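Each chain is listed here by its residues.
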Amino acid sequence: MRIELAGRNPLRRRELRADFHGDTGNLVLDARGLRWVSPLELAAIVSMGTVAAADGRDVHLLVPHDPKIASYLVRMNVVELLKPFAEIDGSVPSQGRRDHSDKLLEVAKVTPTNIEDISKTLGELVTARLGPDAGRAAFRSLAELLSNATTHGLSKTGAFTAAQLYSGTLSRTPGFEFAVCDSGAGIQRVLSGTTNHELEGPPALELALNGGTRRAEGRGHGLPSLWRQAVQGGKGGELMLRSGDAVATARLRSEPISICSRVAEPVHGTWAWLRVRVP
């Protein structure tokens, strides 16, 4: 299978560009045409490669032609995490790494044993951007998404996360982006197990966005509460969930608006991407 990663933020599109022509079961991550990448692409590339390697498939990364994007994949640990099991095809620039811990969280594997350390790092990042009150609210949301990835999404290959703060110099939309991608059972199976009803595709994500898992377990208010925490003090933003064969996008200013749909190419586990804009 070949996944085409081209243009800007390709994994934020509803449909993955996958080619099964002449499929040998191996995975080719074709990033040659990549023009802009967010934490979602970074974490998902590593997650997809790790899952394929664990299944005994060969993994190939075709390096972006744009040297800046190729350098960014190196900077954010994507190449380093893939190298032990993947063939890296293309020119990979060497890089003297500077400390950007005030605005970056490079791709990292999240496990039950290191989640507190990663959550602390994220908390410091968002607090620096949003200020103490809004930062703490956003941190609670990020920590909850990470917790879901290491409980509901726990798997033998683990979960991967990444984050970045944006000053707005280029995009004119300052804020931060965060992503976590796991390869666990997926939202559909989790909800089916807690509600005793078979849920598939968009209805499962719709229920998750409305707090279905939390209500079923008798805890809290679920993603709606977390979403409001994330945008407290900000100018709105966007939450995207991809699980199995469904994708959901929720946008919020005064009230959340969610769109859930079924997609042709499923993914293992659950991908979550959150963007928050700030004044």
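Our structure is the block above this text.
**Quick word on the overall build of the protein chain**
Each helix and strand counted, the protein chain has nine helices and 12 strands in total. Residue burial in the protein chain is summarised as follows: out of 279 residues, 53% are buried. If you take every contact in the protein chain between residues at least 6 apart in sequence, the share linking residues at least 24 apart comes to 68%.

**Digging into the sheet that holds strand β3 (residues 17-19)**
As summarised here, the arrangement of the five strands in space is β3-β1-β4-β6-β7, forming an open sheet in which the pairing is mixed. Where the open sheet ends on each side, the last strands, each with one partner, are β3 and β7 (86-89). Along the sheet, successive strands turn relative to each other by an average axial angle of 20°, direction set aside. Here strand β1 (residues 2-4) runs beside strand β4 (residues 27-30); their pairing, made up of three bridges, is parallel. The partner of Ile-3 across the bridge, within β4, is Leu-29.

**Things to note about the side chain of Thr-161**
Topologically, Thr-161 is positioned in strand β9 (residues 159-166). At 2.7 Å, the side chain of Thr-161 forms a polar contact with the backbone oxygen of Ala-179. Excluding residues that lie within four positions of it along the chain, Thr-161 makes contacts with Ala-43, Leu-105, Glu-106, Val-107, Ala-108, Val-110, Ile-118, Leu-146, Phe-178, Ala-179 and Val-180.

**Examining the pattern of salt bridges**
Overall, the coordinates contain seven salt bridges when judged by the stated rule. One salt bridge in this structure joins Asp-55 and Arg-57, with 3.9 Å as the shortest N-O distance. Asp-55 gets classed as partly exposed once you look at its relative accessible area, which sits at 46%. In this structure Arg-57 comes out as partly exposed when scored by relative accessible area, which is 24%. Residues joined by salt bridges that share partners form a network here, namely Arg-2, Asp-30 and Arg-32.

**Comments concerning the nonpolar core**
Counting residues in each nonpolar core, the largest one holds 40 residues, and the members touching the most others are Leu-5, Leu-11, Leu-29, Leu-40, Leu-42, Val-78 and Trp-271. Among the elements that take part in this core, helix α1 (residues 39-54) stands out by supplying eight residues, more than any other. Here Leu-42 is in contact with Val-37, Tyr-72, Leu-73, Met-76, Val-78, Val-107 and Ala-162, once residues within four sequence places are set aside. Formed by 35 residues, the second largest nonpolar core is a distinct cluster that contains Leu-145, Ala-163, Val-180 and Leu-274.

**A look at the pairing of β9**
Counted residue by residue, β9 has eight buried out of eight residues, so it is predominantly covered. Alternating residues of β9 divide into Ala-159, Thr-161, Ala-163 and Leu-165 and Phe-160, Ala-162, Gln-164 and Tyr-166, and every residue in both groups is buried. Bridging between β9 and strand β10 (residues 175-182) involves seven bridges; their strand directions are antiparallel. Opposite Tyr-166, over in β10, you have Gly-175 as the bridge partner.

**Focus: helix α4 (residues 115-130)**
Spacing of three or four residues puts side chains on the same side of an α-helix, whose turn is 3.6 residues. Between its terminal C-alpha atoms α4 stretches 22 Å, which fits the 22 Å expected from 16 residues at 1.5 Å a residue. If you check which residues of α4 are buried, you get Ile-115, Ile-118, Ser-119, Leu-122, Gly-123, Leu-125, Val-126 and Leu-130. Buried residues in α4 make contact with β8 (104-110), α5 (132-150), β9 and β10.

**Structural notes on the pairing of β8**
By the criterion of burial, β8 is predominantly enclosed, with six of the seven residues buried. Pairing of β8 with β9, which is carried by five bridges, proceeds in the antiparallel orientation. Within β9, the position partnered with Ala-108 by the bridge is Thr-161.

**Details of α5**
If you check α5, its first and last C-alpha atoms are 26 Å apart, about what 19 residues at 1.5 Å a residue would give, namely 27 Å. Those residues of α5 that sit buried are Ala-134, Gly-135, Ala-137, Ala-138, Ser-141, Leu-142, Glu-144, Leu-145, Leu-146, Ala-149 and Thr-150.

**Notes on unusual backbone geometry**
Despite not being glycine, Asn-9 shows a phi value in the positive range, around 50°. Along the chain, Asn-9 turns up in the loop between β2 (7-8) and β3. Although it is not a glycine, Asn-77 sits at a positive phi angle of roughly 75°. Assignment of secondary structure puts Asn-77 in the loop between α2 (67-75) and α3 (78-82).

**Considerations on the environment of Thr-111**
Looking at the element boundaries, Thr-111 is found in the loop between β8 and α4. Reaching out from Thr-111, the side chain makes a polar contact with the side chain of Thr-113 at a distance of 2.9 Å.

So, how was this worked out
- Residues numbered from 1 in each chain as written.
- Predicted model: local features only at pLDDT ≥ 70, side-chain atom pairs only at ≥ 80, totals over all residues.
- Heavy atoms only, no water.
- Helix = DSSP H or I, 4+ residues; strand = E, 2+ residues; numbered from the N terminus.
- Buried < 20%, exposed > 50% of the residue type's maximum accessible area, 1.4 Å probe, protein only.
- Contact = heavy atoms within 4.5 Å.
- Pairing = 2+ DSSP bridges.
- Axes fitted to C-alpha atoms, helices over the stretch in contact; angles between N-to-C directions.
- Polar contact = N/O pair within 3.5 Å; in protein donor to acceptor, adjacent residues only side chain to side chain.
- Salt bridge = Lys/Arg side-chain N within 4 Å of Asp/Glu carboxyl O.
- Core = buried A, V, L, I, M, F, W, Y, C linked by side-chain atoms within 4.5 Å.
- Expected span 1.5 Å × (residues − 1).

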